[in-house]
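What the coordinates show
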Amino acid sequence: MATIFSKIIAGEIPSYRIHEDDRYYAFLDINPLAEGHTLVIPKVETDYLFDLEDDLLADMMVFAKKVALAIDQTMACKRVGVAVLGLEVPHAHIHLIPINNLHDIEFSRPKLKFSDKEFRVTAEKISAAMK
Ligand code: AMP
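Now for a quick tour of the structure.

Remarks on helix 2 (residues 54–74)
Between its first and last C-alpha, helix 2 extends 31 Å over 21 residues, near the 30 Å set by a 1.5 Å rise per residue. Turning to helix 2, its buried residues are Leu56, Met60, Phe63, Ala64, Val67, Ala68, Ala70 and Ile71. When helix 2 is viewed along its axis, its buried side chains cluster within an angular range of 160 degrees and face the same direction. Facing away from the buried surface of helix 2 by more than 90 degrees, the exposed residues are Asp54, Asp55 and Lys65. Buried residues along helix 2 sit in contact with strand 1 (17–20), strand 2 (24–28), strand 3 (38–42), strand 4 (79–83), strand 5 (94–99) and helix 3 (116–128).

Shown next, in the form of structure tokens:
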């Protein structure tokens, strides 16, 4: 059965898209730790990030870098933190989280709520800053 992320890539489930190419897709996490919390996924469906072929994994970080630089430019943050969990969705993904301190990337914290419009505006801002 296709993962929820494969359904997002296929356009069967809506997402707040930020950027994509032929191999990767970036979109906002709907239960964010911070405004601009983004997920980067490979289009090929693989559960565990470290099961990806070397080239696909290496290029995924380069793709994530471009997205992270756009987050840096548009969100009020000191850094973009990077996390890999994969405990919930069995489709490899990297979390990119704008952070100002250690607590901003604590996954046990309550997630933030944004309206559909707020998510759309955030995605558009980051997307527009993509080079
Ligand atoms: P984990 O697998 O533990 O890294 O967590 C999966 C992440 O995917 C969580 O932060 C969820 O909020 C996020 N997530 C799950 N479903 C969706 C969705 N439909 N759109 C955006 N993010 C999602």
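The structure having been displayed, the exposition proceeds.
Some thoughts on the environment of Glu118
Along the polypeptide, Glu118 turns up in helix 3. The class of Glu118 is partly exposed, set by a relative accessible area of 41%. Sequence separation between Glu118 and Val44 is 74 residues; the distance between their C-alpha atoms is 29 Å. Among the polar contacts made by the side chain of Glu118, one reaches the main-chain amide nitrogen of Ser115 at a distance of 2.7 Å.

Parameters and conventions
- In this numbering scheme, every chain counts its residues from 1 along its sequence in written order.
- With the structure being a predicted model, the display of local features is reserved for residues of pLDDT at least 70 and the display and counting of side-chain atom pairs for 80 or more, all residues being used for whole-chain, interface and lining totals.
- Heavy atoms from the whole structure form the basis of all side-chain values; hydrogens and water molecules are not counted.
- Strands here are runs of E lasting at least two residues and helices are runs of H or I lasting at least four, both read from the DSSP assignment and numbered beginning at the N terminus.
- What a helix should span is 1.5 Å times the count of its residues minus one.
- Only protein chains enter the accessibility calculation, which uses a 1.4 Å probe; a residue is then buried when its area is under 20% of its type maximum, exposed when over 50%, and partly exposed in between.
- By arc we mean the arc of the directions from the helix axis to the C-beta atoms, nothing more.
- When checking whether two residues touch, look at their non-hydrogen atoms; a contact exists if any pair is within 4.5 Å.
- Definition of a polar contact: a pair of N or O atoms within 3.5 Å, with one able to donate and the other able to accept a hydrogen when the atoms are protein atoms, and with sequence-neighbouring residues admitted only if both atoms are side-chain atoms.

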